[in-house]
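Listed below are the residues making up each chain.
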Amino acid sequence: DAKTTQPPSMDCAEGRAANLPCNHSTISGNEYVYWYRQIHSQGPQYIIHGLKNNETNEMASLIITEDRKSSTLILPHATLRDTAVYYCIVRVAFGSARQLTFGSGTQLTVLP
Amino acid sequence: GAGVSQTPSNKVTEKGKYVELRCDPISGHTALYWYRQSLGQGPEFLIYFQGTGAADDSGLPNDRFFAVRPEGSVSTLKIQRTERGDSAVYLCASSLYGTANTGELFFGEGSRLTVL
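Here we summarise the structure given alongside this text. This is a predicted model, so every value here is computed, not measured. (Residues numbered from 1 in each chain as written. Chains lettered and ligands numbered in written order. Predicted model: local features only at pLDDT ≥ 70, side-chain atom pairs only at ≥ 80, totals over all residues. Heavy atoms only, no water.)

**Concerning the layout of surface pockets**
Rules: A pocket here means an open set of points on a 1 Å grid, computed over the protein atoms alone, that has protein on both sides within 12 Å along at least five of seven lines. A cavity is instead a set of points where a 1.4 Å probe fits but cannot get out; residues with an atom within 4 Å of a point line either one. Grid points are joined across faces, edges and corners, and a volume is the space filled by probe spheres set on the points. Charged residues are taken to be Asp, Glu, Lys and Arg, nonpolar residues to be Ala, Val, Leu, Ile, Met, Phe, Trp, Tyr, Cys and Pro, and polar residues to be all remaining types, Gly included.
In this structure, the largest pocket occupies an estimated 570 Å³ of space. Taken together, 26 residues line the largest pocket, and the ones lying closest to its centre are A:Gln38, A:His40, A:Ser41, B:Gln37 and B:Leu39. In the lining of the largest pocket, the residues fall into eight nonpolar, 16 polar and two charged.

Structure representation (structure tokens):
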């Protein structure tokens with residue numbers, strides 16, 4: 001699986017949009033971008049994934065650049081409960097049950 | 001609840017002892033994963049099962065670690081002759097397999113192991 005690079009930490013004001021970047025310059029054509037988050041003392045939680053089109057669900061939006069070498073996870077209106085470590089992961093999907101490989105992630109702190 | 005259940009939530013043991021950690025996946029999920037997470041690090045893959053068989057055990061650090069899933073549901077991670085370096089949170093996750101597998105793994109809350 002391609003490696004990803006994320007900033008170690010970010011702050012965001014409560015109620016503002018949180019934009020978390022991820023670089024994955026060696027991504028292959030059949031690899032998806034996944035985002036998970038891990039709130040303190042809990043297991044990781046799936047947020048969203050995408051291949052090349054932008055994706056949106058009830059939790060977040062995922063913007064993938066046209067060359068697919070980077071992406072941004074957007075939390076449109078961050079709350080204090082969004083404080084967590086956010087992991088960007090690249091992996092082949094659909095029909096593959098292979099494991100996810102986690103990096104160090106970005107510690108997002110939402111400030112009141 | 002209907003989520004992944006892990007027991008015990010906390011386990012304190014002495015160096016050299018044997019430990020078993022249990023994972024009860026979401027009903028119907030055929031894939032089951034074990035991860036280990038040390039303080040300040042991301043989860044580290046250990047092993048994953050497809051049904052009853054270990055499809056990939058490349059992450060097990062050494063032969064003191066072993067996992068089973070005899071009936072394709074509940075799994076047990078077994079650690080022999082525990083060492084202080086084994087202290088970590090052990091996470092279990094499950095997922096659907098095949099066309100329904102979107103890569104969404106459902107994680108449990110983890111079992112915190114402390115080796116004194």
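**A closer look at the packing of aromatic side chains**
Threshold: Pairing of aromatic side chains requires ring centres within 6.5 Å, counting the rings of Phe and Tyr and the six-membered ring of Trp. Pairs whose planes differ by under 30 degrees are stacked, by over 60 edge-to-face, and all others tilted. Note on classification: 1.4 Å probe, protein chains only; a residue is buried when its accessible area is under 20% of the maximum for its type, exposed when over 50%, partly exposed between these limits.
In this structure the tally under the stated criterion is ten aromatic pairs over all chains. Considering the side-chain rings of A:Tyr32 and A:Tyr34, the 6.5 Å spacing of their centres and the 45° angle between planes classify their relative orientation as tilted. Comparing A:Tyr32 with A:Tyr34 shows no difference in burial state: the two are buried. With a centroid separation of 5.9 Å and an interplanar angle of 75°, the aromatic rings of B:Tyr35 and B:Phe45 are classed as edge-to-face.

**Notes on unusual backbone geometry**
Stated precisely, the cut-off is as follows: In this text, helices come from DSSP runs of H or I with a minimum length of four residues, and strands from runs of E with a minimum of two, each type numbered from the N-terminal end.
B:Pro8 follows B:Thr7 through a cis peptide bond whose omega is -10°. On the secondary structure map, B:Pro8 appears in the loop between β1 (5–7) and β2 (10–13). For A:Arg68, which is not glycine, the phi dihedral falls at a positive 65°. With respect to the element layout, A:Arg68 can be found in the loop between β6 (61–64) and β7 (70–75). Look at B:Arg81: it is not a glycine, yet its phi comes out positive at around 45°. The residue B:Arg81 is located in the loop between β8 (75–79) and β9 (88–95) in this model. Judged by relative accessible area, which is 45%, B:Arg81 ranks as partly exposed.

**Quick word on the sheet that holds strand β7 (residues 65–68) of chain B**
Residue and element names in this part refer to chain B. Filter applied, for reference: Between any two strands, at least two bridges found by DSSP are needed for them to pair. As a rule, the C-alpha atoms of each element are fitted with a line to give its axis, helices using only the stretch in contact, and angles between N-to-C directions run from 0 to 180 degrees.
Spatially, the four strands line up as an open sheet ordered β1-β3-β8-β7, and their pairing is antiparallel. The open sheet terminates on both sides in strands that have one partner only, identified here as β1 and β7. When the angles between neighbouring strand axes are averaged without regard to direction, this sheet yields 15°. In terms of strand pairing, strand β3 (residues 19–24) meets β8 through five bridges, oriented antiparallel. By the bridge assignment for β8, Cys23 is matched with Ser75.

**Describing the pattern of salt bridges**
All names here are of chain B. For clarity, the cut-off: Within this document, salt bridges are pairs made up of a side-chain nitrogen of Lys or Arg and a carboxyl oxygen of Asp or Glu, the two lying within 4 Å of each other.
This structure, assessed with the given rule, holds five salt bridges over all chains. For Arg22, the salt bridge identified is with Asp24, shortest N-O distance 3.7 Å. Note that Asp86 and Arg64 form a salt bridge whose closest N and O atoms lie 2.8 Å from each other. Taken together, the positions of Asp86 in the loop between β8 and β9 and Arg64 in the loop between β6 (53–56) and β7 put the pair 22 residues apart, joining distant regions of the chain. For the residue pair Asp86 and Arg64, the accessibility class agrees, reading buried in each case. Three or more residues are tied together by salt bridges with common partners; here these are Arg64, Glu83 and Asp86.

Keep in mind that these numbers describe shape and distance, not what the molecule does.
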